[in-house]
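Chain by chain, the residues:
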Amino acid sequence: MKQPVVIVGAGLSGLRAAALLVSKGINCRVLEARSRIGGRVLSLASKDRPELGRYDLGPTWFWPDHEPIITKLVKDLGLPTIEQHTAGAMLFEQSQSGPVQRHVLPDGAVERSVRLAGGVQSLIEAMTASLPDGSVELNTEVKAIQLDEAGGVTIVAEGIDGTVKTISAGAVILALPPRIVAERIAFSPTLPDELRASLKDKPTWMGGQAKVVAVYDRPFWREDGLSGQVTSWAGPLQELHDASPDKEYGALFGFFGITAKMRQELGEEQLLRLVTEQLTRLFGPSAEKPLALFYKDWAIDQATAMEEDAQPLTVFPEYGLPAGMISWENKVIFAGTETASGHGGHLEGALQAAERAAAEAMKAL
């Protein structure tokens, strides 16, 4: 049997690349350092109240009017979607003591986007279901990648129990944040300086961000003519949107405007108390006691972010393939949303990168 393509990272890009290769009859092994599939896709349900549904604490939307890859994939897989609710007035908050302003946006001001019913995790699960049993190996962190004189590739990985395994591969697809690749994987021969610098220069999308979702018995803000969309200078949440499922329950999700350092200093309990106070300030007493609160700080997720990712982004990063690939060409292939030539940072970019990486792997074999 031919040596497999080893894919490092069981996020959307890695799993999609594996699914494409498997569909062509190519053997794949997917190695994932986490104890779960999905990477930066994370859809959570309450352990105490699973009937509330699952909510996204990672990527949430896609835009069907200009993101064709994910639009077609979701349709082909038959995954149900939810049109993002934008009808009604948005709120604008300048300070905690000042009045909350209402603004009605003109028609067409908000671009149409959709969410996946059951969260983006449903797409991850569909990708995984298309792979042979045992293809994904969790709790397996790649430590080193070696290129031998005959052109073969050897991967050294470590299990959660410290067990070291050595895997031979025909090619390797790295579906990880570029900074993780540069700092945590030892290459022999070493990566060219230009390539390593290029990897370190690509900020991890969402790496400095945190997200919270508050779930209620109904989307009561719609009864007040509100869309659920908020822009706030007062914080701690800077931006909010409606995250309600199709039926029964209501939900709001928000991105933080305060830095990763400040979030860590406050601690999760204090931070969520401030979030609830802000929601009550914005939406009234009905927001005071959510049925569930979900919180994820990606800046402290060691499988996602490096220390430099905690710095807030001031401009949209320039993503795309890393520069300076010489000695490892055709054997080590980069995937992940940060390596996409377009839509970098989005689900669309992750899928675009997966398609390119799978095509390159087939050429390498």
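A short tour of the structure in this document, coming up. Here the structure is a predicted model, which means the values were calculated and not measured.

Reading guide: rules and limits
Residues numbered from 1 in each chain as written. Predicted model: local features only at pLDDT ≥ 70, side-chain atom pairs only at ≥ 80, totals over all residues. Heavy atoms only, no water. Pairing = 2+ DSSP bridges. Helix = DSSP H or I, 4+ residues; strand = E, 2+ residues; numbered from the N terminus. Buried < 20%, exposed > 50% of the residue type's maximum accessible area, 1.4 Å probe, protein only. Salt bridge = Lys/Arg side-chain N within 4 Å of Asp/Glu carboxyl O.

## Re the sheet that holds strand β2 (residues 28-31)
Taken in spatial order, the five strands make up an open sheet running β10-β2-β1-β14-β21, and their pairing is parallel. Whereas interior strands pair on both sides, the edge strands pair on one side only; in this sheet they are β10 (136-137) and β21 (332-334). When β2 meets β10, the two strands line up parallel, connected through two bridges. Residue pairing in the sheet places V30 in a bridge with V136 of β10.

## Here's the deal with unusual backbone geometry
In the segment running from S188 into P189, the intervening peptide bond is cis, with an omega of 0 degrees. Tracing the backbone shows P189 in the loop between β15 (186-188) and α5 (193-200). Between G235 and P236 the backbone carries a cis peptide bond, its omega angle lying at 10 degrees. Take P236: it is sitting in the loop between β17 (226-232) and β18 (237-242). The phi torsion at E248 lies on the positive side, around 65 degrees, for a residue other than glycine. For E248, the position within the fold is in the loop between β18 and β19 (250-256). Look at E248 and you get exposed, because its relative accessible area is 58%.

## Comments concerning the pattern of salt bridges
In this structure the tally under the stated criterion is 22 salt bridges. Across the salt bridge formed by E32 and R34, the nearest N and O atoms sit 3.7 Å from each other. You can call R34 buried: its relative accessible area is 12%. Note that R40 and E338 form a salt bridge whose closest N and O atoms lie 2.6 Å from each other. Taken as a pair, R40 in the loop between β2 and β3 (43-44) and E338 in the loop between β21 and α9 (347-364) lie far apart in primary sequence, 298 residues in all. On the basis of relative accessibility, which here comes to 0%, the residue E338 falls in the buried class. Salt bridges linked by common partners bring E32, R34, K296 and D301 together as one network.

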